[in-house]
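Coordinates in review
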Amino acid sequence: MEKKKLINDRISSIAPSVTLGVTSRANAMKADGKKVYSFAAGEPDFDTPDHIKSAAVKALAEGKTKYTPVVGIPELRLAIVKKLAEENGLSYKPGEVVVSNGAKHSLFNVFAAICRDGDEVIIPSPYWLSYPEMVNIAGGKPVILHG
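Quick summary incoming for the structure in this document. (Residues numbered from 1 in each chain as written. Predicted model: local features only at pLDDT ≥ 70, side-chain atom pairs only at ≥ 80, totals over all residues. Heavy atoms only, no water.)

Thoughts on unusual backbone geometry
We count it as follows: Only DSSP runs of H or I covering at least 4 residues are called helices, and only runs of E covering at least 2 are called strands; the numbering of each starts at the N terminus.
In this chain, Ser 125 is followed by Pro 126 through a cis amide linkage whose omega measures 5 degrees. On the secondary structure map, Pro 126 appears in the loop between β1 (120–124) and α6 (130–137).

Looking at the nonpolar core
Applied cut-off: Working definition of a nonpolar core: buried Ala, Val, Leu, Ile, Met, Phe, Trp, Tyr and Cys residues. They are joined through side-chain atoms within 4.5 Å. When a residue's accessible area, from a 1.4 Å probe over protein chains only, is under 20% of the maximum for its type it is buried; when over 50% it is exposed; and in between it is partly exposed. The contact criterion used is simple: two residues touch if any of their non-hydrogen atoms lie within 4.5 Å.
Phe 111, Cys 115, Val 121, Ile 123, Tyr 131, Met 134, Val 135 and Ala 138 together form the largest nonpolar core, which totals eight residues. Those elements that provide at least two residues to this core are β1 and α6. With three residues, α6 is the single largest residue contributor to this core. Look past the residues within four positions of Ala 138 in its chain and what remains in contact with it is Arg 10, Phe 111, Ala 112 and Cys 115.

Description of the side chain of Thr 19
Note that Thr 19 resides in helix α2 (residues 18–31). Setting aside residues up to four positions removed in sequence, Thr 19 forms contacts with Ala 40, Ala 41, Trp 128 and Leu 129.

Some points on the pattern of salt bridges
Pairing of side chains with opposite charge becomes possible as their charged atoms draw close. For the record, the criterion: Each reported salt bridge corresponds to a side-chain nitrogen of Lys or Arg within 4 Å of a carboxyl oxygen of Asp or Glu.
Per the counting criterion, the structure on display carries five salt bridges. When the shortest N-O distance is used, the salt bridge between Lys 58 and Glu 62 registers 3.0 Å. Judged by relative accessible area, Glu 62 falls into the partly exposed class, the value being 43%. Residue Lys 64 pairs with Glu 62 through a salt bridge whose shortest N-O separation is 3.3 Å.

This is the structure we're talking about:
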């Protein structure tokens, strides 16, 4: 009897993350007592500001622990609209704003929604290393555009 694959072929063909590999190596070197300046993961080298931590604690105390709307809570979307207007001179409506976990999350969702098998997706270089893999997972073909 043939053993059934548990993971989709597209997922099992994903290349390991170079960024996570470099980050892991840097962390191991730090653990060995070496002085390392890692630019791999792109995480800030400072703690979350206290006013943000306080707002998170307040939200938890107020019971704001449930799922939010897929596009983000209305108050946050309105605050983004105001920020863009005041600081950037841009005019949007809250219905035109989507809050996500970040650009990679949004791009993955876009690729999954619009790519058909074999569609070419142009990725300008330089690019985040996971973009081609996202396109591959969605069935597209990444085409790197070198500047």
